[in-house]
Amino acid sequence: MPLPAPDPAEGALDNSIDELEKSFERAAQAAGELVERSIRIGDAHVRLRFAGVPLAGQLSRAFEHLAHDEADDEPELTIHVWDSTDSRTPPPPLPSLAPGSPRGTTVYTADDGRRFASRPALGQLSAYERATRRAWFWCANAHELPFWEPAAPFRQILHWWLPDQGALLLHGAAVGQAAGGVLLVGAGGSGKSTCALSCLTSDLLYAGDDYVGVQLQPEPRVLSLFCSGKLEPDHAELLPHLPSPSFAGDGTLAEKSVFYVAERFPERMCRGFALRAIVAPRVQGVEPQVRRLGPAQVLAALAPSTLLQLVPARQEALSAMAGLLGDMPAFGLDVGGPTDLIPPAIERLLGELAV
């Protein structure tokens, strides 16, 4: 659960940023090599700076489909990434936790232009400085990160940064066509990942599973963030076209199997498309059936899982989601039969929306 830290003293966050800069520079020097990667999220140039080659390999894999040659334009965001184990450097200063705090407790600190979120017991820290468009991600040991971090890196930072680009980070999957697609939303177990990954053998394009960005203006548009897909281990058996997972969850600790779609289906990956509808799957044990939903029903499927997974759960984000859904067609999709029937159902829906 997220906990607010005490109000920072005057200049405290300035000092925190200084400490992060020094910690990263020490790690980069100790690692012997600074690795830089450039990606584009929508039209925005994002630069990733890693202290060491192994770390870059582990935490840039999910962005391969967004890679581009170094651009002349200044990055809209620069993320500095390091760990203490490989670099053999001490960690940056971390807040202390009260005795008995849950292991995954997040401590959140902020002022008008800076955000910090740390999980001291897990050895993780994320920070963002809006004025300089810089961010930092530190972990104690990159080789012991939970499976979801390499599959969808820097989610907390993107959650803070995307609103500055007029976009939101949403918990959902997205598939579609060049002319437009759908956002698949719902809580874990609703079938959205199975629906998205079932489309890889069709003509539909894949923009992401679990987390995507959505640009709000001038028209809603899906922004692909990660090329990964995650499934419960037994659900992966429903999709025989998937390769062996890069991380094979065994069902313990809620671990999922992770697939990097861009490596097996590069022709299906895309950077995004216009958003034409919101679709909320529901496992019903039937062949795919589409039904109309109201905005409130879809907001109930989208908002809790988005807001509870990141800090802070801001009222502005809820209002933006409600505004997006107010003007967007929304549908339920009952699934549970053969998975090869799901892509045609989505294609038919897109065809009807285009008329």
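Structure: above.
Residues numbered from 1 in each chain as written. Predicted model: local features only at pLDDT ≥ 70, side-chain atom pairs only at ≥ 80, totals over all residues. Heavy atoms only, no water.

## Observations concerning the packing of aromatic side chains
Both the distance between ring centres and the angle between the ring planes are used here to describe each pair of aromatic rings. Within the structure shown, the criterion is met by six aromatic pairs. Residues Phe63 and Phe226 carry aromatic rings whose centres are separated by 5.6 Å and whose planes lie at 50° to one another, so their mutual orientation is tilted. Taken together, the residues span a long stretch of sequence, with Phe63 in the loop between helix H2 (53–59) and strand E4 (77–83) and Phe226 in the loop between strand E13 (221–223) and strand E14 (228–231) at a distance of 163 residues. Judged by relative accessible area, Phe226 falls into the buried class, the value being 1%. A ring pair is formed by Phe147 and Trp148, whose centres lie 5.3 Å apart and whose planes are at 80°; its orientation type is edge-to-face. Taking the relative accessible area as the measure of exposure, Trp148 reaches 30% and is therefore partly exposed. Taken together, the ring pairs in this structure connect Phe63, Phe137, Phe154 and Phe226 into an aromatic cluster. Note that Arg264 overlies the ring of Phe265, its terminal NZ or CZ placed 4.6 Å from the centroid. (Phe/Tyr/Trp six-rings, centres within 6.5 Å; stacked < 30°, edge-to-face > 60°. Helix = DSSP H or I, 4+ residues; strand = E, 2+ residues; numbered from the N terminus. Buried < 20%, exposed > 50% of the residue type's maximum accessible area, 1.4 Å probe, protein only. Lys NZ or Arg CZ within 6 Å of the ring centre and 35° of its normal.)

## Observations concerning unusual backbone geometry
The omega torsion across Gln217 and Pro218 is 0°, close enough to zero to call that bond cis. Topologically, Pro218 is positioned in the loop between strand E12 (211–215) and E13. Even without glycine at this site, Arg88 takes up a positive phi of about 55°. One can find Arg88 in the loop between E4 and strand E5 (106–110). The class of Arg88 is exposed, set by a relative accessible area of 78%. Residues other than glycine seldom take positive phi values, yet Asp210 does so here, at roughly 85°. As for its position among the elements, Asp210 is in the loop between strand E11 (205–208) and E12.

## Things to note about the nonpolar core
The nonpolar side chains of soluble globular proteins are, as a tendency, buried together. In terms of nonpolar packing, the biggest core is built from 72 residues, with Ile41, Phe50, Leu77, Phe154, Trp161 and Ile346 touching the most fellow members. For this core, the element with the most residues is helix H10 (residues 342–354), which contributes five residues. Not counting residues up to four positions away in its chain, the partners in contact with Ile346 are Val175, Val182, Cys199, Leu204 and Leu333. Core analysis: the second largest hydrophobic core is formed by 25 residues, Val222, Cys270, Leu302 and Met328 among them. (Core = buried A, V, L, I, M, F, W, Y, C linked by side-chain atoms within 4.5 Å. Contact = heavy atoms within 4.5 Å.)

## Observations regarding H10
Spanning 13 residues, H10 covers 19 Å between terminal C-alpha atoms, matching the ideal 18 Å at 1.5 Å per step. Along H10, the residues that are buried comprise Ile342, Pro343, Ala345, Ile346, Leu349 and Leu350. Viewed end-on, H10 has its buried residues packed into an arc of 165°, placing them on one side of the element. Of the exposed residues in H10, those oriented more than 90 degrees away from the buried face are Arg348, Glu352 and Ala354. The inward-facing, buried residues of H10 abut strand E9 (167–177), strand E10 (180–185), helix H5 (192–198), strand E16 (272–286), strand E17 (289–292) and strand E18 (330–336). (Expected span 1.5 Å × (residues − 1). Arc of directions from axis to C-beta.)

## Here we look at the pattern of salt bridges
Think of it this way: side chains of opposite charge can pair up when their charged atoms draw near. What the rule picks out here adds up to 14 salt bridges. The salt bridge partner of Asp73 is Arg40, with a shortest N-O separation of 3.1 Å. In this pair, Asp73 is assigned in the loop between H2 and E4 and Arg40 in strand E2 (residues 34–41), connecting sequence segments 33 residues apart. Judged by relative accessible area, Asp73 falls into the partly exposed class, the value being 33%. Asp111 serves as the salt-bridge partner of Arg114, at 2.6 Å between the closest nitrogen and oxygen. (Salt bridge = Lys/Arg side-chain N within 4 Å of Asp/Glu carboxyl O.)

## A closer look at the pairing of E2
Note: E2 against strand E3 (residues 44–51), eight bridges, orientation antiparallel. Bridge pairing links Leu34 to Ala51 in E3. Counted between consecutive antiparallel strands, the loop separating E2 from E3 contains two residues, among which Gly42 sits at a positive phi close to 65°. (Pairing = 2+ DSSP bridges.)

## Re the side chain of Ser198
Its location among the elements puts Ser198 in helix H5. The contacts of Ser198, once residues within four sequence positions are left out, are Leu239, His241, Thr339, Ile342 and Pro343.

## A short note on the side chain of Thr194
Along the chain, Thr194 falls in helix H5. When sequence neighbours within four positions are dropped, the list of residues in contact with Thr194 reads Leu231, His235, Leu239 and Thr339.

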